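# Structural overview
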2 protein chains.
Amino acid sequence: MTETRLTPVLLCGGSGTRLWPLSRKSYPKQFVPLVGEETLFQASARRLAGAGEGLSFAPPVVLTNSDFRFIVTEQLAAAGIDPGAILIEPEGRNTAPAILAAALHLAAIDPEAIMLVAPSDHVIPDAAAFRAAVARGIPAVEAGDMVTFGIAPSHAETAYGYLELTGPPDDIGTPVKLSRFVEKPDAGRASEMVDAGTFLWNAGIFLMRAADMIAACKAHAPGLIGPVEAALARARPDLGFLRLDPVAWAGADTISIDYAVMEKADNLSVVPFRAGWSDLGGWDAVWRETGPDGDGVVTSAGATAIDCTDTLLRSESDGLEVVGLGLDGIMAVAMPDAVLVADMSRAQDVKLAVAALTAKGKAQAAAFPKHHRPWGWFESLVSGERFQVKRILVHPGASLSLQSHFHRSEHWIVVEGTAKVTLDDTVRLVTENESVYIPLGSVHRMENPGKVPMVLIEVQTGAYVGEDDIVRYEDVYARG
Amino acid sequence: MTETRLTPVLLCGGSGTRLWPLSRKSYPKQFVPLVGEETLFQASARRLAGAGEGLSFAPPVVLTNSDFRFIVTEQLAAAGIDPGAILIEPEGRNTAPAILAAALHLAAIDPEAIMLVAPSDHVIPDAAAFRAAVARGIPAVEAGDMVTFGIAPSHAETAYGYLELTGPPDDIGTPVKLSRFVEKPDAGRASEMVDAGTFLWNAGIFLMRAADMIAACKAHAPGLIGPVEAALARARPDLGFLRLDPVAWAGADTISIDYAVMEKADNLSVVPFRAGWSDLGGWDAVWRETGPDGDGVVTSAGATAIDCTDTLLRSESDGLEVVGLGLDGIMAVAMPDAVLVADMSRAQDVKLAVAALTAKGKAQAAAFPKHHRPWGWFESLVSGERFQVKRILVHPGASLSLQSHFHRSEHWIVVEGTAKVTLDDTVRLVTENESVYIPLGSVHRMENPGKVPMVLIEVQTGAYVGEDDIVRYEDVYARG
């Protein structure tokens, strides 16, 4: 048996709020190490990389948005995975336009390309079992079917859609023809479906030839083809990203692949999958996936539970201790700038917390305390009326823009690594325990010419220390 | 009617753990603004200052310990109250030795001195009503009685001792002779006492002539007299504090005034008090005293409750947002370095949280993130393997010790006010937006010569950045 070559299509443009405060609009859950050491995105990419089970994976096509593009490249690099392409969606228009764009992109390169479309924020602990399930779907794909993956339900979940099969799955997990999609049910209906044995959870993972996906779109959602083809045809390459054309993209309907195509197609098979899956759609799911002990308690490093039951306690920061005392059915997630304490039964309502903070104009509603940039990241340590202190990390080889400020001077003290500092007409190296002063108005740039990350402490003083007091002269990342 | 002059004796050497994480061993609850804008200590001092209700208050005698002495002076200064004397207990030996020391100190100055002994961590919202109650006790004191204050019980509390009266209190709150002290009861006994109408809570507040207190000690706890007299006779004046002699002090029994004296004396009267009192003996008491809304919810600035009932949510830091969702009977108190989430019924068990963190060797168990020093305070903003960043505030006129370090260099950037910096043989002024570099090994001192607080950011780098890498050459605060 020869290896079948697949191209993973990783969807990571979304930004949910149900895992606030750890998942925020500026840095959503797929980029966070929610379960285990790697981020969900990294684990998703790794699951679909390399070869095995009769499969070999081509470098992934990643669909994301402009805000996340450098997080994507940074996290793939850290995981040692080269992307095949990174397509930038000008705006989120749900899954159908994104998947069609990936299909058109792949079919143009290889008319026989097979794509495995997967969200990048799901947990599948047993990667080998998942790849084996993918391999079981290949014959159906070769027969012209589009394959979805159906998760054996562990409970009567009301937060997922279901897949009704034409017959019960066997023990091996052989593909079964799909009878129909079922929308998110109420509790009673969910219970009936679980008992029936012919319903699986819809995991939103798809396997098909790119050409079959395009054909299905032409048949069932023909209006999508023109705008998405145009967005791809007029796409602008930018530092290794492919920016889909925003004008054309705006002409595509905002619609999910299920509504647009899958629910109408009749060439659908389902590969049953039993080896464990979660979309981590709430803190209750994180609690479940991170191994509650005999009392139902999950604690992170930095969290202590005393006389608690069925409780999740997470500290998301070094140096932050969380203690739960006498709690039952509570989840508490603490960060230095935001703490959520909720009844476990309200996991799906965490968006209300985000809405409340948004209404109060609080930055914590959407912004992560650590701000990721193409060159590294920064965080504000403390700020006062006329000063702000930041920690800044610059990746090896990276460079900030050449810039100046109207309202602030800056003191830079290097505490790790070596910086190359341009200040007006001079360039000098500044290393650990050395400092440099950037007077108001001077044109300056910070680079890391070395092989290890460079960390510096920046103390800004001035009448105004906001991020928008910046004039950029040159920027290797082509930012405005 | 002439004014009666009283001297408040404020006890503020204690450090409970039931209000962790806001109250910690290094900075206990009396020094924290738990209810309202002022700290409990400041409110206690203000309640017993000035004149009114036929009383005039002399400057207070404060009993505290060495660690808290500069917090006491700083908070009294901020409240505009001059202390009469600040007695430093070499170690805590419960209330009897402390009160006897104050009595001996006062009687030596004025044999007729009347003292009002009060803990500094209680809440009494209606100061005028309290002073009126004190005034009602004066005739009993003049008749030679020792007066205690009895709080009309609002519920069958099991955490307090009770005072049994010889008869029911009248509506005016006229003093009643005490029948006996009752230890903390169980719930059933507490309920019986509340129903009986002749039992009041023992608030631990006492009014008597200093000479009568000394006489009572001589009669009922004669062993205390010698050690406490000696500790006072050999006390060492130190920068406005009076340090009781530690050797003599160690000879005094560790015993409460109730056990040592009050339960044995027969010249006791009780002034009933109905106008509101709490010892804030737990977060449930804080919840009760800070005005729950119609749903029983209390939120601080920076806290948001969504669908909560009977819940306390407190953020103790600017820039830290706490959100509670669907909670019932929960209390959550969040600080940047520690978060407590507890069932309200477990308020008396918060000490278990402190014990658990102590067992884990966590600094948060006992140390406050902001470290108070005689010259101001500092806090660590971030630390790494080989660096630490601190914010340091120096009071106007204050000065750090002349010092050097073996393992670290320091960069100082002034962000508010002006610093006078001594560096080896040079002295210079450093003002906002200026920096100075302190090389490893150099002898240096930081002072604030100005009229406004001076704030600087200190970036330390070196192989070891612990607080104990310090050689002190001169210190105006006489520290080792």
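Just above, that's the structure.
These lines cover the structure that appears in this document, whether it is placed above or below. Residue positions are given per chain, counted from 1 along the sequence in the order it is written. Starting at A for chains and at 1 for ligands, labels are handed out in the order in which the entities are written. In view of the model being predicted, local features appear only for residues whose pLDDT reaches at least 70, and side-chain atom pairs are presented and counted only at 80 or more, with totals across whole chains, interfaces and linings using the full set of residues. Values reported for side chains reflect all heavy atoms of the structure, with hydrogen atoms and water molecules removed beforehand.

Quick look at the overall build of chain A now. Per the convention used, a helix needs a DSSP run of H or I reaching at least four residues, while a strand needs a run of E reaching at least two, with both numbered from the N terminus. Across its full length, chain A carries 11 helices and 30 strands. Against the 2.2 N^0.38 benchmark of 23 Å for 480 residues, chain A shows a C-alpha radius of gyration of 24 Å, consistent with a compact globule. Summarising its shape, the C-alpha atoms of chain A cover approximately 75 × 60 × 40 Å along the three principal directions. Only protein chains enter the calculation, and the probe is 1.4 Å; a residue is then buried if its accessible area is under 20% of its type maximum, exposed if over 50%, and partly exposed in between. Put simply, chain A has 480 residues, and 57% of those count as buried. Positive charges come from Lys and Arg, negative ones from Asp and Glu, while His and the chain ends are left out of the count. Charged groups are reduced to one reference atom each: NZ for lysine, CZ for arginine, CG for aspartic acid, CD for glutamic acid. Positive and negative charge centroids in chain A, built from 40 and 60 side chains respectively, lie 5 Å apart. Put simply, the radius of gyration uses C-alpha atoms, and a globule should come to 2.2 Å times the residue count raised to 0.38.

Superposition of the two copies of the chain requires a rotation about an axis and a shift along the axis. Copies are brought into register by a least-squares superposition over C-alpha atoms of residues with pLDDT of at least 70 in both. The transform that puts chain B on chain A rotates by 180° and translates by 0.1 Å along the axis, for an RMSD of 0.1 Å. Both copies are brought into coincidence by an operation consistent with a two-fold rotation axis. Residues of chain B ranked by C-alpha distance from the rotation axis are headed by Pro336(B), positioned 2.5 Å from it. Same-surface contact between copies: 100% of interface residues of chain B are shared with the interface of chain A. Any two residues whose heavy atoms approach within 4.5 Å at even a single point are treated as in contact.

Moving on, we get to the interface of chain B and chain A. Each side of the interface is counted separately: chain B has 56 residues, and chain A has 56 residues. Using a 1.4 Å probe, buried area is obtained as the accessible area two parts lose upon being combined, added over both of them. At the boundary of chain B with chain A, total buried surface from both sides reaches about 4,400 Å², with 62% on carbon and sulfur atoms. Take a side-chain nitrogen of Lys or Arg and a carboxyl oxygen of Asp or Glu: if they are within 4 Å of each other, that pair is a salt bridge. At the surface where chain B touches chain A, the tally comes to six salt bridges. Among the salt bridges present, the one from Glu432(B) reaches Arg386(A), with a minimum N-O distance of 2.9 Å. Two N or O atoms count as a polar contact when they lie within 3.5 Å, although within protein this holds only if one can serve as hydrogen donor and the other as acceptor, and sequence-adjacent residues are included solely when both atoms are side-chain atoms. Connecting chain B to chain A are 30 residue pairs in polar contact (both at pLDDT 80 or more). When residues are sorted by character, Ala, Val, Leu, Ile, Met, Phe, Trp, Tyr, Cys and Pro go into the nonpolar class, Asp, Glu, Lys and Arg into the charged class, and all the rest, Gly among them, into the polar class. Across the side of chain B that touches chain A, the residue classes tally to 33 nonpolar, 10 polar and 13 charged.

With that out of the way, let us pick up a negative patch on the surface. A cluster of like negative charges, contributed by Asp293(A), Asp295(A), Asp310(A) and Asp328(A), occupies part of the molecular surface. Looking at where Asp295(A) falls in the secondary structure, it is placed in the loop between α10 (283-289) and β14 (297-299). Exposure above 30% relative accessible area and no salt bridge define the residues that can form patches, which grow by joining like charges within 9 Å and nonpolar side chains of Val, Leu, Ile, Met, Phe, Trp and Tyr within 5 Å. Accessible areas in this description were obtained via Shrake-Rupley with a 1.4 Å probe; residue shielding takes into account the shown protein chains only.

Either a parallel or an antiparallel arrangement is found when strands of a sheet pair, and the pairing is made through backbone hydrogen bonds. Reading across the sheet, the six strands line up as β15(A)-β17(A)-β19(B)-β18(B)-β16(B)-β14(B) and stay open at both edges, with mixed pairing between neighbours. The strands lining the two open edges of the sheet, one partner per strand, are β15 (303-306) of chain A together with β14 (297-299) of chain B. Adjacent strand axes in the sheet meet at a mean angle of 5°, parallel and antiparallel pairs treated alike. Two strands pair when backbone bridges link them, and β15(A) and strand β17 (residues 321-325) of chain A are joined in this way by four bridges, in the parallel orientation. Looking at the pairing, Thr304(A) lines up with Val323(A) of β17(A). By the convention used here, strands pair only if DSSP detects at least 2 bridges between them. An axis is simply a line fitted to the C-alpha atoms; with a helix, the fit covers only the stretch in contact. Between two such axes, the angle follows the N-to-C directions and lies from 0 to 180 degrees.

Moving on to the environment of Arg189(A). Looking at the element boundaries, Arg189(A) is found in helix α5 (residues 187-196). Those residues in contact with Arg189(A), other than ones at most four positions away along the chain, are Arg180(A) and Phe199(A).

Here the bond from Trp20(A) into Pro21(A) is cis, since omega is 5°, no more than 30 degrees from zero. Within the secondary structure layout, Pro21(A) lies in the loop between β1 (4-11) and α1 (40-47). The phi dihedral of Glu53(A) is positive, around 60°, even though this residue is not glycine. Looking at where Glu53(A) falls in the secondary structure, it is placed in the loop between β2 (51-52) and β3 (55-57). Residue Glu53(A) is classed as partly exposed on the basis of its relative accessible area of 38%. Positive phi, normally seen in glycine, also occurs at Leu280(B), with a value near 45°. Tracing the chain through its elements places Leu280(B) in the loop between β13 (268-273) and α10 (283-289).

Residue and element names in this part refer to chain A. β1 sits mainly inside the fold: seven of its eight residues count as buried. Relative to β3, β1 runs parallel, the two sharing three bridges. If you follow Leu6 over to β3, its bridge partner there is Phe57. Judged from the five bridges that link them, β1 and strand β6 (residues 114-119) form a sheet pairing that is parallel. Along β6, the bridge assignment pairs Val9 with Val117. Across three bridges, the pairing between β1 and strand β4 (residues 61-65) is parallel. Across the sheet, the residue bridging to Leu11 is Leu63, located in β4.

We now examine the nonpolar core. Only buried Ala, Val, Leu, Ile, Met, Phe, Trp, Tyr and Cys residues count toward a nonpolar core, and they belong to the same one when joined by side-chain atoms within 4.5 Å. Within the largest apolar cluster, 98 residues are counted, with the highest numbers of intra-cluster contacts made by Phe149(B), Leu207(B) and Trp283(B). Ranked by residue count, the leading element in this core is helix α4 (residues 127-142) of chain B, at seven residues. Core analysis: the next-biggest nonpolar cluster, separate from the first, contains 97 residues, Ala118(A), Leu280(A), Val298(A) and Ala398(A) among them.

In this section: the packing of aromatic side chains. Any Phe, Tyr or Trp ring, taking Trp's six-membered ring, that has another such ring centre within 6.5 Å forms a pair; planes under 30 degrees apart are called stacked, those over 60 apart edge-to-face, and the others tilted. Within this structure, the stated rule accounts for 21 aromatic pairs over all chains. Summarising the aromatic geometry, the rings of Phe70(A) and Phe241(A) are spaced 5.5 Å apart at their centres and angled 90° between planes, so their arrangement reads as edge-to-face. On the criterion of sequence distance, the pair formed by Phe70(A) in helix α2 (residues 69-79) and Phe241(A) in strand β12 (residues 241-243) is long-range, its members being 171 residues apart. Classification of Phe241(A) by relative accessible area gives buried; the value is 4%. Ring geometry for Phe31(B) against Phe41(B): centres 5.8 Å apart, planes inclined by 75°, an arrangement best described as edge-to-face. Residue Phe31(B) is located in the loop between β1 (4-11) and α1 (40-47), and its partner Phe41(B) is located in helix α1; the two are separated by 10 residues in the primary sequence. Given the relative accessible area of 1%, Phe31(B) is considered buried. Of the residues examined, Phe41(B) reaches a relative accessible area of 0% and is grouped as buried.

Turning our eyes to something else, we now look at the pattern of salt bridges. Counted under the stated rule, the structure contains 40 salt bridges over all chains. Here Glu316(A) ties to Arg314(A) by a salt bridge, and the two come within 2.5 Å at their closest N and O atoms. Here the residues in one salt-bridge network are Asp307(A), Arg346(B) and Asp349(B), joined through shared partners.

Moving on to the sheet that holds strand β15 (residues 303-306) of chain B. The strand order β14(A)-β16(A)-β18(A)-β19(A)-β17(B)-β15(B) describes an open sheet built from six strands, whose pairing is mixed. Each edge of the open sheet is held by one strand with a lone partner, namely β14 of chain A together with β15 of chain B. For this sheet, the mean angle separating the axes of adjacent strands, direction not counted, is 5°.

Time to look at the environment of Ser442(A). Residues and elements named next belong to chain A. Tracing the chain through its elements places Ser442 in the loop between β27 (435-438) and β28 (444-447). Residue classification places Ser442 among the buried positions, given a relative accessible area of 5%. Separated by 38 residues in sequence, Ser442 and Ser404 place their C-alpha atoms 5.7 Å apart. Setting aside residues no more than four positions away along its own chain, Ser442 makes contact with Gln403, Ser404, Leu423 and Asp424.

The values reported here are purely geometric and, on their own, carry no functional implication.
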